[in-house]
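# Analysis of the macromolecular model
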Amino acid sequence: MTEVDEADEFEELRPLLFSIAYRILGSVGEAEDAVQETWLRFDASATRPTSAKAFLSATVTRIAIDVLRSARVRREQYAGPWLPEPLLADPYQDPARSAELADSVSMAALLLLERLSPLERSVFVLREVFGFGFDEVATAVGRSESACRQLLVRARRHMRAGRPRFEADREERRELATRFFDALRDGDVVGLRDLLAADVSMVGDGGGKAPQLARAVVGAENVARLLASVIPWLARIDVTFEPREINAQPGAIFRDRDGKVLHILALDVLDGQIQTIRTVINPDKLGHLGPVADAWAVDREVKQARRQRN
């Protein structure tokens, strides 16, 4: 195989490799680094593997496992709630596994995956999400097929225990999200409250590098009033938002007056109601979406606008 053929084969598999790494790591930047390291090892290999897909998938998995083990320590010391880096579009598509791919990339699923050990997480991702055979999974994680089957049993048990009983279909999520964002634009407390589950929670990830909620806000009335009190003030200083799918779920990107990314908002829609609202405002997690706004400056401008109004 020539160097050009090798590079072409790698590029063809890049979307799959990124998608595997992202689900194991929950980080766009770390996943991209893992894919790049995989290419360097592939390019430096003296022999060509029989199956490039099997070799590269195993390599990116091992790299991601190593990264995740060190990342766990950092996440335990993280300032405030840790949320995955938002993903607008999964680069890997497989019509035969579209449901598994969409479900596994949601923020709720990625947070459930955080409960698993690195090996359990990797086995679950390779087997349940991407449909790899147990022989391929075993090679990727360096364990026997029997051990991988046991890891998968434990992973499935943890994932099932954390999943809600009822899930909304895509059209229901889209329709409810449209109503939510309409009410958000209008600052309509009643309209927002009617769309929220009684025990809805709102969680923000600022990582100590941007203004963030001191703690999760819980309850339909509390969340509706918070949103209705904050969004109109953001609009006064020309902050806008555009509804977008975030991690295959309804969401929006908020931008300052210069079009820079301020934060993202993602919705969990289940059983006809919004169960969880997650926001990511940590600038380190937004750079892949475009130029990032100065959230502290926006916060100061909102406070100034409030003082002038009062």
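Residues numbered from 1 in each chain as written. Predicted model: local features only at pLDDT ≥ 70, side-chain atom pairs only at ≥ 80, totals over all residues. Heavy atoms only, no water.

## Some thoughts on the overall build of the protein chain
Check the secondary structure of the protein chain and you find 12 helices and six strands. Over its C-alpha trace the protein chain gives a radius of gyration of 21 Å, about what one expects of a compact globule, namely 19 Å for 310 residues. Along the first, second and third principal axes, the C-alpha set of the protein chain runs to 70 × 40 × 35 Å. The buried share of the protein chain, taken over its 310 residues, is 50%. Expressed as a percentage of contacts within the protein chain between residues at least 6 apart in sequence, the contacts between residues at least 24 apart total 67%. Entry remark: accessible area of the protein chain is about 14800 Å², with carbon and sulfur atoms responsible for 48%. (Helix = DSSP H or I, 4+ residues; strand = E, 2+ residues; numbered from the N terminus. Rg over C-alpha atoms; globule rule 2.2 N^0.38 Å. Buried < 20%, exposed > 50% of the residue type's maximum accessible area, 1.4 Å probe, protein only. Contact = heavy atoms within 4.5 Å. Areas by Shrake-Rupley, 256 points an atom, 1.4 Å probe, with all protein chains shown as cover.)

## Things to note about the sheet that holds strand 3 (residues 240–246)
Read across the open sheet, the six strands follow the order 2-1-6-5-4-3; overall the sheet is mixed. The open sheet has two edge strands with one neighbour each: strand 2 (217–218) and strand 3. Relative to strand 5 (residues 261–270), strand 4 (residues 249–255) is paired through five bridges, and the arrangement is antiparallel. Within strand 5, the residue paired with Ala252 across the bridge is Leu265. The strands touched by helix 9 (residues 170–186) are strand 1 (196–205), strand 3, strand 4, strand 5 and strand 6 (273–280); relative to strand 5, the strand with the most contacts, the crossing angle is about 130 degrees. (Pairing = 2+ DSSP bridges. Axes fitted to C-alpha atoms, helices over the stretch in contact; angles between N-to-C directions.)

## Quick notes on helix 4 (residues 98–105)
For helix 4, the set of buried residues is Leu101, Ser104 and Val105. Projection of helix 4 onto a plane perpendicular to its axis shows the buried side chains occupying an angular sector of 90 degrees, all on one side. (Arc of directions from axis to C-beta.)

## Focus: the packing of helix 6 (residues 118–129) against helix 8 (residues 145–162)
Running from amino to carboxyl end, helix 6 crosses helix 8 at an angle of 90 degrees, the nearest separation of the two axes being 8 Å. Here helix 6 is positioned roughly perpendicular relative to helix 8, judged by the angle of their axes. Mapping the contact onto sequence places Leu119, Glu120, Val123, Phe124, Arg127 and Glu128 in helix 6 and Cys148, Leu151, Leu152, Arg154, Ala155, Arg156, His158 and Met159 in helix 8. (Parallel < 35°, antiparallel > 145°, perpendicular 65-115°, else oblique.)

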